[in-house]
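Coordinates in review
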Amino acid sequence: QVQFVESGGGLVQPGGSLRLSCAASGSIFSIYAMGWYRQAPGKQRELVAVIISGGMTNYADSVKGRFTISRDNAKNTVDLQMNSLKPEDTAVYYCNPAPHMTHWSWGQGTQVTVSS
């Protein structure tokens with residue numbers, strides 16, 4: 001079973017940028033859609049960005065125009081470039097296939113905190 005390890009989070013001021021990376025322990029070539037999810041305190045985990053094998057992407061309205069998802073099937077990585085960050089982007093961010101299915105385990109995630 002492929003495992004996912006997220007990294008790149010941190011503390012950033014509003015308007016700043018971060019680039020998150022997700023490294024898979026095995027091949028993601030056969031996984032049709034990969035996503036980045038986030039979970040803010042007291043809220044349910046939500047899907048914010050999806051990329052399919054052909055490169056087509058889709059974003060939640062809350063991040064559209066600010067976040068960019070990319071994948072490298074050769075390196076088994078999925079990245080999330082986040083620009084113009086807002087305090088409401090504060091959350092733990094995870095990568096996982098989309099839609100999530102119970103046989104895919106969650107990684108530890110990476111904390112993103114947007115605050116002045």
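Throughout what follows, the structure given in this document is the object of discussion. Here the structure is a predicted model, which is why all the values come from computation and not from measurement.

**Re the pairing of strand β7 (residues 67–72)**
The alternating pattern of β7 places Phe67, Ile69 and Arg71 on a buried face and Thr68, Ser70 and Asp72 on a face that is not buried. The sheet contact formed by β7 and strand β8 (residues 77–82) spans six bridges and is antiparallel. Note on β8: the bridge partner recorded for Arg71 is Val78. Here β7 folds back onto β8 in antiparallel fashion, the turn holding four residues, of which Asn76 has a positive phi close to 60 degrees.

**Structural notes on the pattern of salt bridges**
Applying the stated criterion to the full structure yields five salt bridges. The residue Arg19 makes a salt bridge to Asp79 at a minimum N-O spacing of 3.3 Å. Here the residue Arg19 occupies a position in strand β3 (residues 18–24), and Asp79 occupies one in strand β8, the gap between them amounting to 60 residues. Across the pair Lys64 and Asp61 runs a salt bridge, and its minimum N-O distance is 3.2 Å. Overall, the relative accessible area of 47% leaves Lys64 in the partly exposed class. Here the salt bridges do not stand alone but share partners, grouping Arg38, Glu46, Arg66 and Asp89 into one network.

**Here's the deal with the sheet that holds β7**
Each strand in a sheet pairs with its neighbour through backbone hydrogen bonds, running either in the same direction (parallel) or in the opposite one (antiparallel). Spatially, four strands are ordered β1-β3-β8-β7 in an open sheet, and the strand pairing comes out antiparallel. Unpaired on one side and paired on the other, β1 (4–7) and β7 mark the two borders of the sheet. Direction aside, the axes of adjacent strands within the sheet are offset by 15 degrees on average.

**A few points about the pairing of β1**
Residue alternation in β1 divides its side chains into a buried set, Phe4 and Glu6, and an unburied set, Val5 and Ser7. Where β1 meets β3, four bridges bridge the pair, whose relative direction is antiparallel. Counterpart to Glu6 in the pairing with β3 is Cys22.

About the thresholds
- Residues numbered from 1 in each chain as written.
- Predicted model: local features only at pLDDT ≥ 70, side-chain atom pairs only at ≥ 80, totals over all residues.
- Heavy atoms only, no water.
- Buried < 20%, exposed > 50% of the residue type's maximum accessible area, 1.4 Å probe, protein only.
- Helix = DSSP H or I, 4+ residues; strand = E, 2+ residues; numbered from the N terminus.
- Pairing = 2+ DSSP bridges.
- Salt bridge = Lys/Arg side-chain N within 4 Å of Asp/Glu carboxyl O.
- Axes fitted to C-alpha atoms, helices over the stretch in contact; angles between N-to-C directions.

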